[in-house]
Amino acid sequence: MTASDFERDRRASIRRSLTGGFGWTVFLAALTLVFVYPVSMIAIGAFRDGLPSDDLPFTIDGLVAAFQDPETWKTMGNSLLLVVVCGTISVAGGGLFAWIAANTNVPGRRLLTPLMAVNLFVPPLFHTLGWIMLGNPQNGLLNQFGRMLGMHGPIMNIQSWGGLFLLMSLGYMPFAYLLMLGAFKNRDQSLDEAAAISGAGAVRTFFTITIPSVGPAITGAAILIAVLVFQSFDSPQLIGRQANIFVFSTQIFHYVRDQAPAEYTKAFALSLVLIVLVLLLFLAQRWILRGRSFTTLTGKTSRREPQELGPVRWVLSALIVVFLLLNLILPLFAMILGSLQPIFGVMSTGLTFDNYVQMLTDPEFSSSLGLTAWLAVIGGFGSIAVALLTTYVTARRTGFIRSYTSFSVWIPWALPGIVLALAYMFAVLYVPAFRGLYGTAFLMTLVLIVATIPVSSRIAEGALAQLSPELEEAGRTSGAGSWRVLLTIVLRLVVPSFLSGWFLSALFIAGNLSVPMLLAPPGLQPVSLTAFQQFLQGNMSQGAALFMIILVAAMAVLALAALSLKLAALLRARAGRAGRAPSVPLTRITP
């Protein structure tokens, strides 16, 4: 190597170091600006009773007044009660179904995973509105059916504590199921056989062997479900407020939107309490699992045959059918039937498609559908793209960059959508240069992307976990930079997961209600907010038609995507067969 070659390589190395350092500086600054800085407004807002643009002094008077208000403690009690009851039912039900699907011979068990996946795709607002159409005491379909049978009074009142417990427990059960399914599949069932040989009955074996062996999965699911219940807004807003039941998210919205002037200090005080509770949940999980071993898979052969349950398996099959009815078929039936009725609940008017025609032709509703489509496409893409980038950094980097990235992306887990929206609203108002963003579609889209990051990150983690770092090392050895490796190797290999994450994130954005409730610009209302207002005005049929259009469009996109992937696979297989050299029979080359 000549001196000039050495000098050229040295300069290239310095240039790459400077470029890389600048790139990581920009990356960390973007994380701080998008994730960390807005959340810091929660602490600032708790000590300033007013908007940032009001230039008020800092004080603790508002914070003290918030904790002296009896409504604050009542809200905390309601939230904790909802978390304990719904979390217990969801985790118990999800664990039972996971055990049925993974370890038993119950008929219909193979339908559980697809059923749970479908329920996971359905936005919570759709599920909530469907059950309101079923169980509201005035004209709910179930109560009308009861009156037809001669029953006096409503069969059920969904707008009550019981209705809230039922709806939210059913809604979060699929999350608990999917979180625990892998643990039940991987456990060694010979442990149950050993317990039975030792004289333990089926019930004792289940509670003393089966459940403890999947302890980490159960506690992890319980923590996640508790966080999700703390964050929930749609069901408590639509159902709980009718029964004067306020939880963290709805009480925060009440302080900001229903009070004049808005009581921002109380809203941020509740937000701080919520963050502390979420942190305590994660610390409690680590304390519970410290020093304990949950190893059930070793080098020895383990049994995987389904456990024979006898006649009780038919009872569990019936339980699967009941769950299918309550969580999917009945709400979907109510939405379809309601969307076809000119006046919801009035059977004598017949069925018509007028509501669908109105939704597609009326400028107000058609613009809402178009805005939702754009938000879903752009926001879904942005969510999975950011999730893939941050997850890749967390998985492949070490030191401060990894820790700070993981911390920044974790922040949305601890905050409900309504708190995120409030924090970002204060963030843009606090800096004069950013105030022009308030009341714009850009700010609403940005917060929707951030609120969906926790969902898309789980998909990105699963996709990157399947890639060996050796593939990226080979690319760097060949001279490719970090960004080129990410775009030409990693991204190309995770395209199917990227598309799945895009679709799922788009669905969650289309059904998000909490963020648009605070940040939707005047005249720009997505379907979730439009449908919510239609239901408040008593126009349930129009609201149901709106959601059915979104649901049908989503299913059509999913079907087209599946068809495209299948067609691409067929074309690749045909090209592979065409590219192979024709084989020559041995008889032709044998002398």
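Residues numbered from 1 in each chain as written. Predicted model: local features only at pLDDT ≥ 70, side-chain atom pairs only at ≥ 80, totals over all residues. Heavy atoms only, no water.

Below, the discussion takes up a nonpolar patch on the surface. A cluster of nonpolar residues, F145, M148, L149, M151 and I155, forms a patch on the protein surface that exposes about 560 Å² of accessible area. Its location among the elements puts M151 in the loop between α6 (141-148) and α7 (161-186). (Patch = residues over 30% accessible without salt bridge, like charges linked within 9 Å, V, L, I, M, F, W, Y side chains within 5 Å. Areas by Shrake-Rupley, 256 points an atom, 1.4 Å probe, with all protein chains shown as cover. Salt bridge = Lys/Arg side-chain N within 4 Å of Asp/Glu carboxyl O. Helix = DSSP H or I, 4+ residues; strand = E, 2+ residues; numbered from the N terminus.)

Position of Q542 relative to the elements: it lies in helix α25 (residues 540-579). Note on Q542: relative accessible area 14%, which makes it buried. Excluding residues within four positions of it along the chain, Q542 makes contact with N355, Q358, M359 and Q534. (Buried < 20%, exposed > 50% of the residue type's maximum accessible area, 1.4 Å probe, protein only. Contact = heavy atoms within 4.5 Å.)

Core analysis: the largest hydrophobic core is formed by 146 residues, its most contacted members being F97, L129, M180, L422 and L519. Excluding residues within four positions of it along the chain, L422 makes contact with I252, V256, Y264, A267, F268 and L518. Membership of the second largest hydrophobic core comes to 12 residues, among which are A387, Y392, L464 and L486. (Core = buried A, V, L, I, M, F, W, Y, C linked by side-chain atoms within 4.5 Å.)

Turning our attention to the pattern of salt bridges. As enumerated under the stated definition, the model contains 3 salt bridges in all. In this structure, D69 engages K266 in a salt bridge whose closest nitrogen and oxygen atoms are separated by 2.8 Å. Placement of the pair is D69 in the loop between α2 (61-68) and α3 (70-103) and K266 in helix α13 (residues 264-289), with a sequence separation of 197 residues. Owing to a relative accessible area of 17%, K266 belongs among the buried residues under this scheme. One salt bridge in this structure joins R241 and D258, with 2.7 Å as the shortest N-O distance. Placement of the pair is R241 in the loop between α11 (234-240) and α12 (248-258) and D258 in helix α12, with a sequence separation of 17 residues. Among the residues examined, R241 registers a relative accessible area of 23% and is labelled partly exposed. Linked through salt bridges whose partners overlap, the residues forming this network are D69, E263 and K266.

Another point: helix α4 (residues 112-121). When α4 is considered as a whole, its buried residues turn out to be L112, L115, M116, N119 and L120. For α4, the arc enclosing every buried residue in end-on projection is 140°, short of the 170-degree limit, so these residues lie on one face. Those residues of α4 hidden inside the fold are in contact with α3, α7, α14 (312-339) and α22 (495-510). (Arc of directions from axis to C-beta.)

Along the chain, the position of S232 falls in the loop between α10 (215-231) and α11. Beyond its immediate sequence surroundings of up to four residues, S232 is in contact with M168, Y172 and S249.

The subject of this paragraph is the packing of α3 against α10. Where α3 contacts α10, the two axes come as close as 9 Å, and the packing angle between them is 140°. Classified by the interaxial angle, the pair formed by α3 and α10 is oblique. In the crossing of α3 with α10, the sense of the turn from one axis to the other is right-handed. The residues of α10 that touch α3, namely those facing S79, L80, L82, V83, C86, G87, S90 and V91, are I218, A221, A222, I225, A226, V229 and F230. Residues belonging to the contact of α3 with α10 are distributed by class as follows: 12 nonpolar, 3 polar and no charged. (Axes fitted to C-alpha atoms, helices over the stretch in contact; angles between N-to-C directions. Parallel < 35°, antiparallel > 145°, perpendicular 65-115°, else oblique. Left-handed = near helix turned anticlockwise from the far one by under 90°. Nonpolar A, V, L, I, M, F, W, Y, C, P; charged D, E, K, R; others polar.)

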